[in-house]
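Coordinates in review
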Amino acid sequence: MRNELSILIPVYNANCHELVATLSEQCNRLKTLKYEIIVLDDASDDPDCHHQSMEINQIPQCRYIINGKNMGRAATRNKLAAMAQFNWLLFIDGDMRVSKADFITSYLNHNTASSLIYGGYEVIGEFPDNLRWLYEKKYWRKLHVLQQPKRHTYQQFRSCNFLIAKDVFRSHPFNSTFIRYGYEDMLFAKELYNSGFVITISDNPVDFHKFESNESFIKKTEEGLRNLKANEQDLRHESLLLYLVIFLRYSYLDAFIKYIFHLKEKSWRQSLIMKKPNLYLFYMYKLGYYLSLT
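I will try to describe carefully the structure that is included in this document. Worth saying up front: this structure is predicted, and the values here are computed from it rather than measured.

The subject of this paragraph is the side chain of Asp 42. Mapped onto the secondary structure, Asp 42 falls in the loop between strand 2 (34-41) and helix 2 (47-53). This buried residue, Asp 42, is left without a salt bridge; Lys 79 holds the nearest opposite charge, at 7.7 Å. A distance of 2.9 Å separates the side chain of Asp 42 from the backbone nitrogen of Gly 72, its partner in a polar contact. In this view, Asp 42 contacts Val 11, Tyr 12, Asn 67, Lys 69, Asn 70, Met 71, Gly 72, Arg 73 and Thr 76; residues no more than four positions away in its chain are not counted.

This is the structure in structure tokens:
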């Protein structure tokens with residue numbers, strides 16, 4: 001059983017006091033465990049989040065710290081790892097929730113020599129008018145499969161919930177050139193895999209229960225697509241979207257899709273923001289947006 005743990009929580013515009021309290025309670029039940037919980041707020045622009053989260057400093061062995069400026073998801077996680085004092089790092093996104101009573105114990109007792117253990121996530125609730133909920137609900141079961149021989153385990157990795165050895169993380173940190181949202185976790189896991197590290201998928205999920213507005217999710221998706229474009233060569237074998245893009249280029253159909261997108265972009269975007277968004281329209285929007293990037 002692992003007997004020390006640094007729980008590292010990057011957060012932006014979310015109140016994670018309840019998450020920290022839950023994790024602290026589970027850790028305190030393990031009398032031999034040495035632990036700390038560090039929350040690093042990436043310069044949230046919602047003052048209510050700061051005010052509510054400051055109470056985290058009143059919980060023993062817990063700290064709430066605010067970045068002086070927005071650093072991005074990758075650099076914030078790297079900074080958290082640099083602050084950690086223990087040899088095992090548990091990263092959990094600040095907008096997630098832990099409902100498993102043995103969540104911490106499951107990670108500490110995981111019987112594997114893996115350098116990284118990915119616990120996954122579970123989509124909670126019913127929000128049929130929310131585009132992010134529809135998207136995650138369709139794909140999360142496909143991503144989180146314990147035995148999936150046709151895919152490398154690193155291709156299933158998401159950075160919302162994972163345990164990693166500190167020396168491994170510090171030798172292979174997130175690529176801090178990823179300032180915007182999206183695809184930094186895919187590249188992180190791929191580079192670990194290429195370096196020979198073992199990635200294990202464990203059935204130890206967090207709850208994905210808060211979903212941004214449709215407009216916010218579209219903006220985040222556009223940021224992610226710009227990241228993907230900037231790293232197209234590194235991720236060309238990892239993204240299904242890129243496989244389709246390459247096919248369209250070889251078939252000389254990319255110009256036609258770009259033309260349709262140019263005509264329909266505003267109306268498609270408006271439809272996705274409204275109630276009852278259509279996932280297939282969302283896929284078309286993503287494809288057209290990506291092909292329109294120079």
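The subject of this paragraph is the environment of Met 54. Here Met 54 is to be found in the loop between helix 2 and strand 3 (62-66). For Met 54, a relative accessible area of 41% translates into the label partly exposed. In this structure the C-alpha to C-alpha distance between Met 54 and Asn 15, which are 39 residues apart in sequence, comes to 9.5 Å.

What follows covers the pattern of salt bridges. Evaluated as defined, the whole model comprises 15 salt bridges. Arg 77 is the partner of Glu 184 in a salt bridge, and the nearest nitrogen-oxygen pair spans 4.0 Å. With Glu 184 in helix 7 (residues 184-194) and Arg 77 in helix 3 (residues 73-83), the pair connects residues that are 107 residues apart, well separated along the chain. Exposure class is identical for Glu 184 and Arg 77. Each is buried. The partner of Arg 132 in a salt bridge is Glu 136, and the shortest N-O contact between them spans 2.8 Å. Taken together, the residues span about one helical turn, with Arg 132 and Glu 136 both in helix 5 (residues 131-143) at a distance of 4 residues. Glu 136 carries the same exposure label as Arg 132, and that label is buried. When salt bridges that share partners are traced, they join Arg 73, Arg 77, Asp 93 and Glu 184 into one network.

Attention now goes to helix 1 (residues 17-28). Look at helix 1: 16 Å from first C-alpha to last across 12 residues, which is about the 16 Å you get at 1.5 Å a residue. Of the positions making up helix 1, those classed as buried are Leu 19, Val 20, Leu 23, Ser 24, Gln 26 and Cys 27. Burial along helix 1 is one-sided: seen end-on, the buried residues are contained in an arc of 165°. Elements that come into contact with the buried residues of helix 1 comprise strand 1 (4-11), strand 2, strand 3, strand 4 (88-92), strand 5 (96-97) and helix 4 (103-108).

Here we take up the sheet that holds strand 10 (residues 206-208). The 3 strands lie next to each other as 5-10-7, forming an open sheet whose pairing is mixed. Each edge of the open sheet is held by one strand with a lone partner, namely strand 5 and strand 7 (121-123). Across 3 bridges, strand 7 lies against strand 10 in parallel orientation. Note that in strand 10 the partner of Glu 122 across the bridge is Asp 207.

Here we come to helix 3. Taken together, the buried positions of helix 3 are Ala 74, Ala 75, Thr 76, Arg 77, Asn 78, Leu 80 and Ala 81. Against the buried residues of helix 3 lie strand 1, strand 2, strand 4, helix 6 (166-171) and helix 7.

Strand order in this open sheet of 7 strands is 3-2-1-4-8-6-9, and the pairing throughout is mixed. The open sheet has two edge strands with one neighbour each: strand 3 and strand 9 (199-201). The mean inter-strand angle of the sheet, taken between neighbouring strand axes irrespective of direction, is 20°. Contacts from helix 1 reach strand 1, strand 2, strand 3 and strand 4 within the one sheet, and its direction differs from that of strand 2 by about 170°.

To continue, consider the packing of aromatic side chains. By the definition in use, this model includes 22 aromatic pairs. For the pair Tyr 121 and Phe 208, a centre-to-centre distance of 5.9 Å together with 75° between the ring planes defines the contact as edge-to-face. Residue Tyr 121 is located in strand 7, and its partner Phe 208 is located in strand 10; the two are separated by 87 residues in the primary sequence. The two residues Tyr 121 and Phe 208 agree in class, both being buried. Ring plane angle 80° and centroid distance 5.7 Å describe the contact between Tyr 135 and Phe 282, whose orientation is recorded as edge-to-face. One end of the pair, Tyr 135, is in helix 5; the other, Phe 282, is in helix 12 (residues 279-292), and 147 residues separate them in sequence. Tyr 135 sits in the partly exposed class, given a relative accessible area of 23%. Judged by its relative accessible area of 1%, Phe 282 falls in the buried class. Following the ring pairs from residue to residue traces out a cluster consisting of Phe 91, Tyr 118, Phe 157, Phe 162, Phe 169, Phe 174 and Phe 188. The cationic tip of Arg 2 hangs over the ring face of Trp 88; the distance from NZ or CZ to the ring centre is 4.4 Å.

Cut-offs used in this document
- Residues numbered from 1 in each chain as written.
- Predicted model: local features only at pLDDT ≥ 70, side-chain atom pairs only at ≥ 80, totals over all residues.
- Heavy atoms only, no water.
- Helix = DSSP H or I, 4+ residues; strand = E, 2+ residues; numbered from the N terminus.
- Buried < 20%, exposed > 50% of the residue type's maximum accessible area, 1.4 Å probe, protein only.
- Lys, Arg positive; Asp, Glu negative; His and termini not counted.
- Salt bridge = Lys/Arg side-chain N within 4 Å of Asp/Glu carboxyl O.
- Polar contact = N/O pair within 3.5 Å; in protein donor to acceptor, adjacent residues only side chain to side chain.
- Contact = heavy atoms within 4.5 Å.
- Expected span 1.5 Å × (residues − 1).
- Arc of directions from axis to C-beta.
- Pairing = 2+ DSSP bridges.
- Axes fitted to C-alpha atoms, helices over the stretch in contact; angles between N-to-C directions.
- Phe/Tyr/Trp six-rings, centres within 6.5 Å; stacked < 30°, edge-to-face > 60°.
- Lys NZ or Arg CZ within 6 Å of the ring centre and 35° of its normal.

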